[in-house]
Amino acid sequence: MGRPVLPLTDATIADVAVAGGKAAHLGALATRGFPVPPGFVVTADACRDFFDALALAPLIAGLAAGGDPAARCAELRRRIVEGRLGGPLVHAILEAHASLLRGNGDGVLCAVRSSATAEDMERASFAGQHGTYYYVDAVRLLEMIRHCWASLFSLEAVSYRSTHGIDHASVAMAVVVQEMVPSDVSGVAFTANPVTGSRSEIVIESSWGMGAAIVDGRVTPDRYVVARDGLAIREQRTAEKRFMVLSRVEAGAGHRLVEVPHDRRRVQTLAAADVRTVAEWSLRCEKHFGAPQDVEWAFADGRFHLLQSRPITTLDRDERVPEGRYLLFKPLAENFTDPLTPLTIDLLLLPLPLGYRAIRGRMYMNLDYVRPLVPLRISDEDLAAALYLGSPAEGLPPLAPLKLPVVLAALAFAYLAVGVARARMRGLPDDFMDGYRALCRRVEADPAIGPAEALLRLWILPAPIEPIGNLPLIVNGSSLAFAPWFGVLSWMLRRWAPGLRPDAASLLCAGSPGVLSAEMGRSLRDLAAEARRAPDVAAALAEQGPAHALAMLQDEPSAALFLARLDAFLAIHGHRAVKEFELQSARWEEDPAAVIALLRNYLAADAGRGPAPAEEKSVRARKDAEDEVRRALAPRPLEKLGGPRWRLVRFAATRARDYLKLRENSRFFHIMGFGVVRKKVLAVEADLLRAGRLKCKDDAFFLLWSELEALRGGHLGWADVEDRIRERRLEQARFARLPPPKTFGIATRRAAEADGAPGDGLRGQCASPGRHRGIARVILDPTQDAPLEPGEVLVAPYTDPAWTPLFLVAGATVVEVGSYLSHAGTVAREFGMPCLVDVADCTRLIPTGAMVDVDADGGVVRIVEPPRG
Amino acid sequence: MVSLASAGLFAIGVYVSIRVLAALYRIADLWYRIGTDWPRVARGIVAWGGAALAVALLAEDGRRAAFLCGLAGYAVLHVVLYVATRAYVLGRLRARRRDL
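On a predicted model such as this, the values are computed, not experimentally measured, just so you know.

## Some thoughts on the overall build of chain A
Here is step 1: Along chain A, the regular secondary structure elements total 33 helices and 25 strands.
Here is step 2: Partitioning the intrachain contacts of chain A with sequence separation of at least 6 by distance along the chain shows that 69% fall at a separation of at least 24.

Laid out in C-alpha cells, this is it:
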C-alpha cells in the first residue's frame, strides 16, 4: 500500500493517479506560491484498501451484470458509509487533520471534496456526480470521507461510467480535506469570456459569503468584465444580492443560505483593486496550466485565497443538441427568456399535450407534431419562421391538397373541442373571472391538494359544472379566436379602403378599457401620486433601498395611507412577479419590496404627476382611426344606407378587441393559479427543511415533482438528492449564460437576418404602431437597473407585468422576444406607444445612450447616433 | 342532394347543441350575479332551446333524425371529451407517481 495521506503541498501533477486531478492541481499551485488554503489528501490507495477490506468486489462486478442497478448502488453506498475505516488510516487522517487545525483553534471547519483519479472521472466530478461537503468538523470528518467514496456509486456516476465504458472495478477516489476559508466575498473568474468565447476579456463574478451560491446559481452575482491587456474594468454590473451562503456556521447546521442584510444587497462586493487582484491571480493560473481557466477564489479578512482552478470546458464544446426539429415555445419564451427550473418544467409539462420538450431549461415544440397539420408545401425553415413570427416569411406557399382532409378534420375537432367554451365567453361582464380568486383560496387552504394536483385543478381539470370564470387557461386558449377576426378585419380594410395607413387594423383593436395589466400600471401611478403627497414617504422611497424603505415606512405615521393603498394594491395584484412563469420567482405579496422598487423607478422618472396621457392617447388614436376608416368607406356604394361595410368593420374590430382583452386578462388569473402552486411547493419545502431532508431554501425547485414526493414519503433522503440539486443548479447557471436558440435542427432565415449589421437597422414585428425617436436604455431587470427617463426607448429581452410601470414612462419599446399578443404588445397598444417585438439580440446590439429611431410601422429600429462619450 | 341537406341539418344540430349547452352553462357562469342577470340567462336558454325545438319540429320527417343526431351527438361528445381529458391528464400524473 502507498501513503494513505499526503499533505496537499506534496501532491504534484505526476500524482494524479494517487491524489486525483483536483488535489494534484491544487498541490501544484500551492508549491508554486499560489495562496491555496492548507489541506491534505486521503489517497486513492486508501480508498482501494478500504473497498478491499469491505469485500465490495462481487457487488461492484454485479453492476455490469444488469439487474436492478439502483438497488445494487444503494447497497454499495450503504456498506461504504457504514463501513469502519482501518486503524492506521484513521490515525493518519486524524493526525493530518490535527496538524491542519494546529495554530488555528478547534473551531476551524473543513471542506471535504472528492478528487477523481482519471481524466474521464474528473469530468464526471465536474458534472456534480461526486460528493463535496462543507462545514465538516473533526467529529464528522471520517463520515464525510466515506460519503465521498460512496458517491462513486451514485446512480448517476455508475450510469456515466457505463455509458463511457469505464470499468467500475477500476475506479477509486482520493479525497481532499482543506481548511474552509471564512470568506467575506468570494466568486469565480474566467480568463476567457465563457459566453462569447472572447479571449481578450476576463469575467469575474462575486458575491457575499461563500462562492457556492454563485457556482450553484443561487444568487445573481456582481459581474465585472476586465480587459486582459491592462486589466481595466470594461463593464461592471452590481446585482441585488438577496442571499449568501455563510462561511461561518456551526457544523451540521441545517440552513446555510441566509438573507443578505438590506443595506449590503446593492453594495459592490469588489473594489477596483480587488478586481485587479482576482484578475492577476487568475491570469497566473492560466499561465501555469497553459489554458483558459475557471478559477474559484475568496477574500477573507482582506486576504486573497485561491480555492480551485480548472480549464474552461465550455469554450470549445458543442452543446448537446437533441435529435429532431424543435421550435422555441413562444408563448412562454415571450414572458421571459431565462431557463426554467426543473420543477417548473416538470409541472408545466403535465398539462401540456404531447410534442413539448424542455431543452436547456426552455420549452420547445416538436415540429414533427405540427407539420402534418399545415396544408402547405413549406420548408422546415419557413414553417418555423411562420410559426415563430406568426406569418410566412415570403408570401403564402402553395397548398398541399393531400393534407387538406387531415387539416380540415383537425380544425373541425378543435372547433368542437372549444366550441362551448367560446360560446360561453361571449358577452360576459368584465368581472366574470373574479370568482377564480376564491377558488384559488379554497385550493390553497386544502392540505390534501399537492402542487401538481393544484396546478391541474386550477388550470385544466374543472369540476363537472364550473363557471367559465374558473377556467382562465381555457379562456386564454379560446381567445386565440382573435386571430381570425383580426384577419377578417385586415382583409375588409385592404379590400374596401386600400389607401388606408397600414396600421389601421391594429389601431382599431387598441384602446380597450379594462385590460388588467394596464390597470395595474394606473394603480401604480396612483400609488406613486400618494407617495408624492407624503414627503416622508417620497423621501424614504427615493433615498433608501426598497426593503429598507418599506421597513422604515411601517413605523412612520404619515405613511399609513400610503401603506393602506399598497396593501390594497397587493390584494389585487400581489400574485404577480417578475418572471411569473417561473415557480421559483417570489410573488409581490411575499416580497412587497419588489413593488417598492418599481415605484421608486417610477418616482425617479417623475411619471406619477398629472393625468394619464398615454391611455388617453391610445383611445384618441382609435377614435381617429375609426373616423378615417368611415371617411374612406363613405364613397362606396350603399354605404350611405346605414353604413353596412362600416358596421361589419366595427363588428370585426370589436370582436378582435374583446378577445385580445380576454387573452391578457385571463393570463392575470391563470398566473394567480400558478402562484397557488408556488405556495404549495413552499409548504412542501418547509416540511422537508424541518425534517432535514432538504438543506437549503429553494432547493425544491431543482427537484422533479416525483422526487419531492419521494422525499416526502421517505423513499429518498438528502444524501440521494444533494448531488442532483447541485448538478442541476450548475446546469441552470450555465444555461442562463447561453441565449436560447429559436430552433434546434432547423436553420431559420430569421437567424441569418439577425446577423446583419445594425447600421441597416434591426428588424422586428410591429406589435403597436407608431414612430418615435429617443435615447435607448437597455434594461435587463426592471427591479434592478437604472430607471427609465420619460421619452426614452425601452430596450428589453422580454416583458411581463412587472415591467408595466416602465411603459408609462417610455416613448417606445423594443423587445427581443414577443408577438402581437404578448404582454409588451398588448400594453403598448393600450398606452398608445410604438412597440417592436422579436428584434433579435437587440439588448446586445443597441447600446444604452444611443439615439434610436423606432419605426414600428416599418418594423425596424435604427441607431441614429451612437452613445455620447 | 338528400344527403347534403341531412349533412347541413346535422351541422346545424351541432351548432345549436353548442349554443344550448353554453346557454345552460350560463346559469353557472353568471351565478355570482344571478339576482340581476337571471332574465338574460333565461332569455338565452329559451332562445336556443326554442331554436332547437323549432328546427326539430319544422324539419321534414326524414331529416329530423339528422338534426337530432347532431344535437345529441355533440352533447355526448362534449361529455366524452371532458371525461377523456380528465383520464388522460390524471393518467400522466399517475405515471409520474409510478416513477417514484
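## Comments concerning the interface of chain B and chain A
Many analyses report the size of an interface as the accessible area lost when the parts associate.
Here is step 1: Each partner contributes to the interface: chain B provides 22 residues, whereas chain A provides 25 residues.
Here is step 2: Within the residue set of the side of chain B that touches chain A, elements represented by two or more residues are α1 (2-29) and α3 (61-98) of chain B.
Here is step 3: With 10 residues, α3(B) is the single largest residue contributor to the side of chain B that touches chain A.
Here is step 4: Along the lines of polarity and charge, the residues of the side of chain B that touches chain A split into 13 nonpolar, one polar and eight charged.

## Notes on the sheet that holds strand β1 (residues 5-7) of chain A
Residue and element names in this part refer to chain A.
Here is step 1: Spatial ordering of the open sheet is given by β1-β2-β5-β3-β4, a layout of five strands whose pairing is antiparallel. Single-partner strands in this sheet number two, and they are β1 and β4 (132-136). Along the sheet, successive strands turn relative to each other by an average axial angle of 20°, direction set aside.
Here is step 2: Pairing between strand β3 (residues 110-116) and β4: three bridges, direction antiparallel. Directly across from Arg 113, in β4, lies its bridge partner Thr 132.

## Details of the domain arrangement of chain A
Residues and elements named next belong to chain A.
Here is step 1: The assigned domain composition of chain A is domain 1 (5-179), domain 2 (185-311), domain 3 (497-658) and domain 4 (749-865).
Here is step 2: On the domain 2 side, the residues contacting the 12 residues of domain 1 number eight residues.
Here is step 3: Going through the elements one at a time, α1 (16-31) and β4 are the ones with two or more residues in the side of domain 1 that touches domain 2.
Here is step 4: Classifying every residue of the side of domain 1 that touches domain 2 by side-chain character gives eight nonpolar, one polar and three charged.

## Focus on α3(B)
Here is step 1: The first and last C-alpha atoms of α3(B) sit 55 Å apart over 38 residues, in line with the 56 Å expected at 1.5 Å per residue.
Here is step 2: Among the residues of α3(B), Ala66(B), Phe67(B), Gly70(B), Leu71(B) and Tyr74(B) are the ones counted as buried.

Reading the values: the criteria
- Every residue gets a number counted from 1 within its own chain, in the order that chain's sequence is written.
- Going through the entries in the order they are written, you letter the chains from A and number the ligands from 1.
- Local features in this predicted model are restricted to residues whose pLDDT is 70 or higher, and side-chain atom pairs enter the listing and the counts only when it is 80 or higher, whereas totals over whole chains, interfaces and linings include all residues.
- Helix and strand definitions here come from DSSP, where helices need a minimum of 4 consecutive H or I residues and strands a minimum of 2 consecutive E residues; each element is numbered from the N-terminal end.
- Contact between two residues is assigned whenever their backbone-derived C-beta positions fall within 7 Å.
- For this scheme, ten residues count as nonpolar: Ala, Val, Leu, Ile, Met, Phe, Trp, Tyr, Cys and Pro. Four count as charged, namely Asp, Glu, Lys and Arg, and the remainder, Gly too, count as polar.
- DSSP calls a pair of strands paired once it identifies at least 2 bridges connecting them.
- Axes here refer to lines fitted to C-alpha atoms; in helices the fit is confined to the stretch in contact. Angles between the N-to-C directions go from 0 to 180 degrees.
- As used throughout, domain bounds are those supplied by an automatic or database domain assignment.
- To estimate how far a helix should extend, the number of its residues minus one is multiplied by 1.5 Å.
- Exposed residues have 12 or fewer other C-beta atoms within 10 Å of their own C-beta, buried residues have 20 or more, and residues in between are partly exposed; the C-beta atoms are placed from the backbone.

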